[in-house]
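# Residue-level structure breakdown
Listed here are the chains, written in short residue letters.
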Amino acid sequence: MSTATRVLFDAPGPRARRRTTILTVVSVILVLVVIGLALAQLGRAGQLESYRWSAFTTAPYLKVIGNGLLGTLKATGMSALLAFPLGGLLALMRLSARRPVRWLATGYIELFRSIPLLLLIYAFLLALPRYHVNLPIFWKLVVPIVLVSSAVIAEVFRAGVRALDRGQTEAAQAIGLRYWQSLRLVVLPQAIRLVLPTLIAQLVTLLKESTLGYAVSYPELMKQGDFLTARTHLLIQTYVIIAVVYVLINFLLGQIAAAVDRRLGRRPGSRAPATDAGMAPTA
Amino acid sequence: MHVITDNLGFLLQGVLVTLELTVLGYVGALVLGTLMAVFRVGPIPPLRVLGTVYVEFFRNIPLLSLLVLVIFGLPDAGVTIGLFASGAICLALSASAFVCEAMRGGINSVSVGQAEAARAIGLSFTQVLRFVILPQAFRTMVQPLVNVFIGVLLSSALAAAVGVPELTNRTEQLNLQYAEAVVCFVFAGVVYLAVALAAGAVGGRLEHRMAIRR
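Everything numeric here is computed off the predicted structure, so don't read it as measured data. (Residues numbered from 1 in each chain as written. Chains lettered and ligands numbered in written order. Predicted model: local features only at pLDDT ≥ 70, side-chain atom pairs only at ≥ 80, totals over all residues.)

## A word on the overall build of chain B
- For chain B, the count of helices and strands is 9 helices and 0 strands.
- When the helices and strands of chain B are placed in sequence order, the string is α-α-α-α-α-α-α-α-α.
- Along the longest, intermediate and shortest principal axes, the C-alpha atoms of chain B span 70 × 50 × 20 Å.
- Burial analysis of chain B (214 residues in total) assigns 48% to the buried set.
- Here the analysis covers contacts within chain B between residues at least 6 apart in sequence; of these, 75% occur between residues at least 24 apart. (Helix = DSSP H or I, 4+ residues; strand = E, 2+ residues; numbered from the N terminus. Buried ≥ 20, exposed ≤ 12 C-beta atoms within 10 Å, placed from the backbone. Contact = placed C-beta atoms within 7 Å.)

In structure tokens:
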């Protein structure tokens, strides 16, 4: 809780305390009623029978889901490995003093930030094979993800460089460093440090985007869930478990990003960079 | 090129469905997100917890996973909602978490002194928010909220994967019928690009107009 939210209301007096207590009780009851109604509906439909859930503790089920998780992590990892360097390169190009280079990067970034990932994936899956561009399934998923997310990551890097105090570049020039030297020795180390939490948070987006393996039949979690439900018809159970896995991993990544943010702290002379709140949810 | 001219009505219908999904999803997200933001900064402990859990859940669940649960899962639980409505609801739910975070970020960006001064002259929690904090907070929220709009537009394409006949879905259908499919993808891409850039431009103007000149 930040200080700003803490001072929105006064230390409560007796009347406000009573009101808070009443609203607390009412809201708890309301939330419990909603949860109860949902569980009752699931129970009526027979979705809460124990056999429907206990099956997921057996080895064959766990193996299918485990393989899916492996596929998800592989696709996410490979996307990150390619998208981060490409994003960094694009950011440098967009900050370049040469106009054609800058325009090229700006065009790329604006284009791939504005078209849906799924459309691009369908293009790689359906349209490009007609022109004899036929990638393996894994790359039909990863290449579009890299194209789209490198544009977003480039903007994150750029925000970091721009958030840095101008004095840093000027000082680097004053002591006689060349352009690349000042980037490598002065600007980039600080800029990357500044956007590190946001970059970690980008992993969440990459992980979510890998769910589109569902559309290209790449065996990640969503597709493995499809495989499982086609045989077992335990659709709700399968996808609830898969959703929980996703939420847990992403929550963990978010916590790591927040911890890094707290640890690095804010250094004087630098404005706060764009936080993940400014990032658009695309998957 | 004739693929597009022959199927212009079909494609425009898809553009319309995409825009409807986007607008409905976005408006829903604004309402839910604002509510959750008020819960999260408010004085009622269980509502704060509810807001936090809600945001962490919907921010971290992939939209596709939510869509599959709602569209294919709910009928198994005896609840049926239309395909289009399900798509709009899922978009609203997942975007509302980002709206909530944008609002909270905006509220936190207003200096503490403002809230203290407002309280010192005797305003209540709702009055502090309504008259002092939110009008100032809204300025810094414009850009993130526009980003959420573009995000909703782009993620509305995911509804294609579960069968909502919007732009991406119709492009895919045409691709199955015709040989020269790349034109359809270019058309769809240009439409998304145009809407996203227009939204960005409107956001930029809005921000410029609301900025305080010192």
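Next comes the rest of the description.
## A few points about the overall build of chain A
- Within chain A one finds 12 helices and 0 strands.
- Reading the secondary structure of chain A in the N-to-C direction produces α-α-α-α-α-α-α-α-α-α-α-α.
- Burial status across chain A gives 38% buried among its 283 residues.
- Pairs at least 24 apart in sequence give 77% of the contacts found in chain A among residues at least 6 apart.

## A few points about the interface of chain B and chain A
- Listed by partner, the interface residues are 66 residues for chain B and 55 residues for chain A.
- Elements supplying a minimum of two residues to the side of chain B that touches chain A: α3 (45-60), α4 (63-73), α5 (83-109), α6 (112-120), α7 (125-155), α8 (167-177) and α9 (182-210) of chain B.
- Ranked by residues supplied to the side of chain B that touches chain A, first place goes to α7(B) with 12 residues.
- Here the side of chain B that touches chain A is composed, by residue class, of 45 nonpolar, 15 polar and 6 charged. (Nonpolar A, V, L, I, M, F, W, Y, C, P; charged D, E, K, R; others polar.)

## Digging into the confidence of the model for chain A
- Of all residues in chain A, 90% attain a pLDDT of 70 or more, and the chain-wide mean is 86.
- Every residue in residues 268-279 of chain A is under pLDDT 50, and counting partners more than four places away or in other chains gives 28 contacts. (pLDDT = per-residue confidence, 0-100.)

## Considerations on the packing of helix α8 (residues 166-174) of chain A against helix α9 (residues 179-209) of chain A
Residue and element names in this part refer to chain A.
- The geometry of α8 relative to α9 is characterised by a closest axis approach of 10 Å and an angle of 160° between their N-to-C directions. Looking at the two axes, α8 sits roughly antiparallel to α9. Along this stretch, α8 crosses α9, giving a crossing that reads as right-handed. Contact residues: Gln-168, Thr-169, Ala-172 and Gln-173 in α8; Ser-182, Val-186, Val-187 and Gln-190 in α9.
- Looking at the contact of α8 with α9 residue by residue, the class counts come to 3 nonpolar, 5 polar and no charged. (Axes fitted to C-alpha atoms, helices over the stretch in contact; angles between N-to-C directions. Parallel < 35°, antiparallel > 145°, perpendicular 65-115°, else oblique. Left-handed = near helix turned anticlockwise from the far one by under 90°.)

## Focus on the environment of Pro12(A)
- Residue placement: Pro12(A) occurs in the loop between α1 (3-6) and α2 (14-44).
- Residues within four places of Pro12(A) in sequence aside, it is in contact with Arg17(A) and Thr20(A).

## Examining the packing of α8(B) against α9(B)
Residue and element names in this part refer to chain B.
- Relative to each other, α8 and α9 sit at 170°, their axes nearing to 9 Å. Classed by the angle they form, the pair α8 and α9 counts as roughly antiparallel. Contact residues: Leu-167, Thr-168, Thr-171, Leu-174 and Asn-175 in α8; Cys-184, Phe-185, Ala-188 and Val-191 in α9.
- Its residues assigned to classes, the contact of α8 with α9 comprises 6 nonpolar, 3 polar and no charged.

## Regarding α8(B)
- Across the 11 residues that make up α8(B), a large majority, 8, are buried.
- For α8(B), the complete set of buried residues consists of Leu167(B), Thr168(B), Asn169(B), Arg170(B), Thr171(B), Glu172(B), Leu174(B) and Asn175(B).
- On its buried side, α8(B) packs onto α6 (117-127) of chain A together with α1 (2-6), α2 (8-41) and α9 of chain B.

## A word on the nonpolar core
- Core analysis: the biggest nonpolar cluster contains 123 residues, and Leu118(A), Leu119(A), Ile121(A) and Leu67(B) have the highest contact counts within it.
- With 14 residues, the top contributor of residues to this core is α7(B). (Core = buried A, V, L, I, M, F, W, Y, C linked by C-beta atoms within 7 Å.)

## As for helix α7 (residues 137-163) of chain A
- The end-to-end C-alpha distance of α7(A) is 39 Å, a good match for the 39 Å that 27 residues give at a rise of 1.5 Å each.
- A bend of about 25° at Ser149(A) is the largest found in α7(A). (Expected span 1.5 Å × (residues − 1). Bend = angle between axes of the 7 residues up to and from the residue.)

## Re the environment of Gln255(A)
Residues and elements named next belong to chain A.
- Assignment of secondary structure puts Gln-255 in helix α12 (residues 235-264).
- Looking at Gln-255, the number of C-beta atoms within 10 Å reads 12, which means it is exposed.
- Measuring from C-alpha to C-alpha, the distance between Gln-255 and Ala-45 comes to 36 Å, with 210 residues separating the pair along the chain.

## Let's talk about the confidence of the model for chain B
Residue and element names in this part refer to chain B.
- Here chain B averages 89 in pLDDT, while 99% of its residues score no lower than 70.
- For chain B, the element scoring lowest by mean pLDDT is α1, at 78; α4 scores highest, at 93.
- On the interface metric, ipTM, the complex scores 0.88, and its pTM is 0.87.

## As for unusual backbone geometry
Residue and element names in this part refer to chain A.
- If you check the backbone angles, His-132 has positive phi at about 60° while not being a glycine.
- Within the secondary structure, His-132 sits in the loop between α6 and α7.
- By the C-beta count within 10 Å, which is 6 here, His-132 ends up exposed.

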